[in-house]
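Examining the three-dimensional arrangement
What follows is the residue order along each chain.
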Amino acid sequence: IVFWGDHGYQLGDNDQWSKVTCFEHATRIPLIIKPAAGSAAARVGVGRRVLGFVETVDIMPSLVSLAIPGRALPRCPGTLLASRATVLCTDGKPHLVTALHDPSANLSSAAFSQIPRDRLVQGMSGAGPPPHEQFMGYSIREDEFRYTEWHPFDAETGVANWSTTVAVELYVHGARASQTADCSWDYESANRAGAAELASEQAALAMRLRSIVDDSI
């Protein structure tokens, strides 16, 4: 049995309402798994918390692996049209199987998310676009940072224009963030993109983000 949320929700956090952003409150979700009774995963124990990063795209390949040990799903093609024409594929990995057997296992070190917007919104910066121009926000979350880039996006082909960057966001998490936050849920209230003291970290995050969406560039 798997219980998870499709998305988070903002109730005024970051001056936003609803879910269509790349902020922490919109992208972080609950995920609870109860393994089948008698399975090796169930014998590990109940109520164990996994601290590593997982993504919702990891759920299906993980369930397939649990139901049919040794079965791996094919990777999805790199283009939108080819992916839509593929009957069965995944962009995820069976990380959850590892987590169920060993909650302390070292899983993925980051989580990736993306969300489209048809206009500039608070949290982004830049000149006003022409009507109906669409943008895609690509975001990567690591232990200490969330890094997001916004690019013009062609909804028909599913390809972003990575040669044009509309906006960049960099938020600090972890120990450094807790030193300045007003409370534990005060996430991502200060965009540190362009800060000289975080230049090397920002460059590394930008490179990693592009490596994740390499097929689109």
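Just above, that's the structure.
Quick look at the structure, then.

What counts, and at which threshold
- Residues numbered from 1 in each chain as written.
- Predicted model: local features only at pLDDT ≥ 70, side-chain atom pairs only at ≥ 80, totals over all residues.
- Heavy atoms only, no water.
- Helix = DSSP H or I, 4+ residues; strand = E, 2+ residues; numbered from the N terminus.
- Buried < 20%, exposed > 50% of the residue type's maximum accessible area, 1.4 Å probe, protein only.
- Contact = heavy atoms within 4.5 Å.
- Areas by Shrake-Rupley, 256 points an atom, 1.4 Å probe, with all protein chains shown as cover.
- Salt bridge = Lys/Arg side-chain N within 4 Å of Asp/Glu carboxyl O.
- Core = buried A, V, L, I, M, F, W, Y, C linked by side-chain atoms within 4.5 Å.
- Polar contact = N/O pair within 3.5 Å; in protein donor to acceptor, adjacent residues only side chain to side chain.
- Patch = residues over 30% accessible without salt bridge, like charges linked within 9 Å, V, L, I, M, F, W, Y side chains within 5 Å.
- Pairing = 2+ DSSP bridges.

The subject of this paragraph is the overall build of the protein. Counting its regular elements, the protein contains 6 helices and 9 strands. Counting across all 217 residues of the protein, residues that qualify as buried make up 36%. In the protein, the proportion of contacts linking residues at least 24 apart, taken out of those at least 6 apart, comes to 56%. Surface summary for the protein: the accessible area is close to 12,700 Å², and the carbon and sulfur share equals 55%.

Phi at Ser18 is positive, roughly 80 degrees, even though this residue is not glycine. With respect to the helices, strands and loops of the structure, Ser18 is situated in strand E3 (residues 17-18).

Attention now moves to the pattern of salt bridges. Counted according to the given criterion, the structure contains 7 salt bridges. One salt bridge connects Glu24 with Arg28, and the closest N-O pair in it is separated by 3.4 Å. A salt bridge links Glu24 to Arg146; its shortest N-O distance comes to 2.8 Å. Remark: Arg146 occurs in strand E7 (residues 145-154) and Glu24 occurs in helix H1 (residues 24-27); sequence separation between them is 122 residues. Since its relative accessible area comes to 3%, Glu24 is described here as buried. Residues joined by salt bridges that share partners form a network here, namely Glu24, Arg28, Arg141, Arg146 and Glu188.

Here we take up the nonpolar core. As a rule of thumb, nonpolar side chains are buried together in soluble globular proteins. Counting 18 residues, the largest nonpolar core has Tyr138, Tyr147 and Leu209 as its most contacted members. Contributing elements (two or more residues each) for this core: strand E6 (135-141), E7, strand E9 (167-172) and helix H6 (199-212). Look past the residues within four positions of Tyr147 in its chain and what remains in contact with it is Tyr138, Ser139, Ile140, Val168, Glu169, Leu170, Gln202, Leu205, Ala206 and Leu209. Judged by nonpolar contacts, the second largest core, of 5 residues, contains Cys22, Phe135, Trp150 and Val166.

The subject of this paragraph is the side chain of Arg141. For Arg141, the location among the structural elements is in strand E6. The exposure class of Arg141 is buried, given its relative accessible area of 11%. Among the polar contacts made by the side chain of Arg141, one reaches the main-chain carbonyl oxygen of Asp143 at a distance of 3.4 Å. Look past the residues within four positions of Arg141 in its chain and what remains in contact with it is Glu24, Phe53, Ser109, Ala110, Ala111, Arg146 and His173.

This paragraph deals with a nonpolar patch on the surface. A contiguous nonpolar surface patch, about 410 Å² in accessible area, is contributed by Tyr9, Leu11 and Trp17. Inspection of the secondary structure assignment puts Tyr9 in the loop between strand E1 (2-4) and strand E2 (10-11).

For the rest of this paragraph, the subject is the pairing of E7. Within E7, 9 of the 10 residues are buried, which leaves it mostly tucked inside the rest of the structure. With 7 bridges connecting them, E6 and E7 associate as antiparallel partners. Along E7, the bridge assignment pairs Gly137 with Trp150. Linking E6 back to E7 in an antiparallel pair, the connection comprises 3 residues. Across 6 bridges, E7 lies against E9 in antiparallel orientation. Within E9, the position partnered with Arg146 by the bridge is Tyr171.

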